[in-house]
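Listed below, chain by chain, are the residues.
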Amino acid sequence: MEQSAAHKGNEQREGVDTPSSNLTAVVPEDVLVFTKLLIPRLSRQHIARPHLLTLFDRAVETSILTLVSAPAGAGKTTLLAEWSATKEDVWSAGSPQGDVAGPAPVRPHRSLSVSHIAWLALESADDDAGRWLMYVIAAIAHLDPRIGQQARTLLRLGQGGNVEQVLTSLINDLATYIVEDVVLILDDYHLITSPAIHTLLLFLLDHMPPHLRLVIGTRSDPPLPLTRLRARGQLSELRGEDLRFVKSEAAAFLHEMGLELNANDLHNLEQYTEGWIAGIQLLALALRGRANPAALLTTFAGNHRFITDYLNDEVLQRQPVELRDFLLRTSVLERLCGPLCDALTRRSDGQAQLAELRQANLFISALDDAEQWYRYHPLFATALRERLQRQEPDFIAELYRRAGAWYEQQNLMFQAVEYTLQAGDYAHAANLMEPLAHTMVQRADLTALRHWAEQLPNEVLFAHPHLCLAVVWVFLFDGQEARMREMMAQVEGYLRQHHHESTTAEWRELRGELHIFEALAALPHNDTNAAITWSRAALEILPADAHYLRHLASLTIAIA
């Protein structure tokens, strides 16, 4: 492999969500968000930190797990991205960068080029074992296309319930095909709360292939046996105090931001922010252009509330009206591109506005090398949304509705559902969910499905029998038999009301799936006769082309 994973992902497409991406061979494109697998680009104001890179190199080299744990805005992602970029620019080339001030990073004993780095930026939606595994497989598959083929097959065949088996297959592939050092980076792991995923991660650590290293970026320590790992010498850690800007770095960063402070003001800034990188960046924007920055520094309380208030009252207020309106209307988006912004603003200059924001360093970062997709800095987005809530609270639902409609037009249905739900258009959201629901069950993507269903009013949910049955699967896997029975009763009522349709394929499929639930519910009680009877009844009534359900019925008979 001669290219970085980020480069491979971008050379084959101009945008992010295009069908031509080679990632569609890993998981279906309607599930995968490609930008989560790309190593983030460094900002124009980035300051090289060779001492921190050296510290990080030693950590990765000596431990199977490197934990980068620090509060929000401490520079965790930037460190990981800089380290990856340095591998590509320095060690792969065999010579130090010529345009970086200060000494070149110390070359470690092992040279881990960026072509051997797999990156995964986690989100709250990934808090499901099956979905998490899909993304991990997709990230690692950059290293060798043979890796994860069997694991993907297990997930696609609906066997994601046995996630340990899927992970075992992936570990075996890594041990077989990887003969050079590789690093898997899981960024924003604090968004993961599922005990099942933590268990999988521990299983991976306990059976780590010899050439794999794991790096976790997180705002809080994961619930892993860190004490045991430390005692075994398998854990290295970088904390908030390791990431803080020292005075020289803060001065260099402010210089890149176009701000020069005298020694006393620089000392005050360092004291107020305690080296917190995001705070320095936000405060630098506040200070820029002021004749007397010391006056503002004396009022700085060093907390997020001050920064958010200042962004609302000062930074945003200083922007031209059109640009400020653009920022407010697009603040509801997690990711931004020109056409999506146009759909929300009803304008046609979205891509130009994003480029202008990027050029002005207004807390926006590009997610791909082509600079088509962007995201706002989280604190900046928070400030924007708070202002939007104050100014136009009744317009927010319409913005979410427009975002959902745009994603629906692009056939990106997962995102369409998310935004439509936030718009409060529950009937349309349910219509969008229903075709996706059983596919999500088969892929073991239950957390998102549960989250969606919980937002729907009962009258909307009960009017969609296929969606109800998908939710029954959620309750079945969660062991909530009472709620499962309640939902099954709703579907049963629907079938009685539509008994005149009993010869249609849809009616038979719904009835057959209910029979399968009865069979599966009998297994934990060791009622094998009932399990077999219900499964056979399902096979008798299911349409011939209901392959997945017929397979489950036959499998249940075999288990019984």
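Coordinates for the structure precede this section.
In this text the structure is predicted, and so the values were computed from the model without any measurement.

(A) Structural detail: the pattern of salt bridges. On inspection of all chains with the given rule, the structure shows 21 salt bridges. The partner of Glu371 in a salt bridge is Arg358, and the shortest N-O contact between them spans 3.7 Å. Of this pair, Glu371 sits in the loop between β6 (364-366) and β7 (374-376) while Arg358 sits in helix α17 (residues 350-359), placing them 13 residues apart in sequence. With respect to burial, Glu371 and Arg358 carry one shared label: buried. Salt bridges here are not isolated pairs; linked through shared partners, they connect Lys36, Glu123, Asp126, Arg131 and Arg335.

(B) Region of interest: the nonpolar core. One finds Leu327, Leu333, Tyr376 and Phe380 to be the most contacted residues of the largest nonpolar core, which totals 96 residues. With 9 residues, the top contributor of residues to this core is helix α24 (residues 465-478). Look past the residues within four positions of Tyr376 in its chain and what remains in contact with it is Phe326, Leu327, Thr330, Ser331, Leu336, Leu357, Phe363, Ile364, Ala381 and Leu384.

(C) Fine view of the packing of aromatic side chains. Going through the model one piece at a time under the given rule, you end up with 10 aromatic pairs. With a centroid separation of 5.0 Å and an interplanar angle of 50°, the aromatic rings of Phe414 and Trp452 are classed as tilted. With Phe414 in helix α20 (residues 413-422) and Trp452 in helix α22 (residues 446-455), this pair connects stretches of sequence that are 38 residues apart. For the pair formed by Phe414 and Trp452, the shared burial category is buried. Within the aromatic cluster, the residues linked to one another by ring pairs are Trp373, Tyr400, Trp406, Tyr407 and Tyr419. Positioned above the aromatic ring of Tyr135, the side-chain terminus of Lys36 is 3.8 Å from the ring centre.

(D) Region of the structure containing helix α12 (residues 277-287). By the criterion of burial, α12 is predominantly enclosed, with 11 of the 11 residues buried. What α12 keeps buried is the set Ile277, Ala278, Gly279, Ile280, Gln281, Leu282, Leu283, Ala284, Leu285, Ala286 and Leu287.

(E) Fine view of helix α6 (residues 163-177). When the terminal C-alpha atoms of α6 are compared, their 21 Å separation across 15 residues agrees well with the 21 Å that a helix rising 1.5 Å per residue should span. Along α6, the residues classified as buried are Val163, Val166, Leu167, Ser169, Leu170, Ile171, Asp173 and Leu174.

(F) Focus on the sheet that holds strand β1 (residues 65-69). Taken together, the 5 strands give an open sheet; going across it, the order is β2-β3-β4-β1-β5, and neighbouring strands pair in parallel fashion. Two strands lie at the open edges of the sheet, namely β2 (117-121) and β5 (235-239), each paired on one side alone. Strand-to-strand twist across the sheet, computed as the mean angle between neighbouring axes with direction ignored, equals 15°. Relative to strand β3 (residues 182-187), β2 runs parallel, the two being bridged by 5 bridges.

What counts and what doesn't
- Numbering of residues starts from 1 in every chain and runs along the sequence as written.
- Whole-chain, interface and lining totals are the exception, using all residues; otherwise, since this is a predicted model, local features are given only for residues with pLDDT of at least 70 and side-chain atom pairs are given and counted only at 80 or more.
- For side-chain calculations, the full set of non-hydrogen atoms in the structure is used, while hydrogens and water are omitted.
- The rule for a salt bridge is simple: a side-chain nitrogen of Lys or Arg has to be within 4 Å of a carboxyl oxygen of Asp or Glu.
- Numbering of helices and strands runs from the N terminus, with a helix taken as a DSSP run of H or I at least four residues long and a strand as a DSSP run of E at least two residues long.
- Three labels apply to residues, based on accessible area from a 1.4 Å probe with only protein chains included: buried if under 20% of the type maximum, exposed if over 50%, partly exposed otherwise in between.
- In these notes, a set of buried Ala, Val, Leu, Ile, Met, Phe, Trp, Tyr and Cys residues joined through side-chain atoms within 4.5 Å is what counts as a nonpolar core.
- In what follows, residue pairs with any heavy atoms lying within 4.5 Å of each other are defined as contacts.
- Between 30 and 60 degrees the pair is tilted, below 30 it is stacked and above 60 it is edge-to-face, where a pair is any two Phe, Tyr or Trp rings, Trp via its six-membered ring, whose centres lie within 6.5 Å.
- By the criterion adopted, a ring carries a charge over it if an Arg CZ or a Lys NZ lies within 6 Å of its centre and within 35 degrees of its normal.
- One less than the number of residues in a helix, times 1.5 Å, gives the span that helix is expected to have.
- Strands were regarded as paired on the criterion that DSSP finds at least two bridges between them.
- For every element, the axis is a line fit to its C-alpha atoms; helices are fit only across the contacting stretch, and the angle between N-to-C directions ranges from 0 to 180 degrees.

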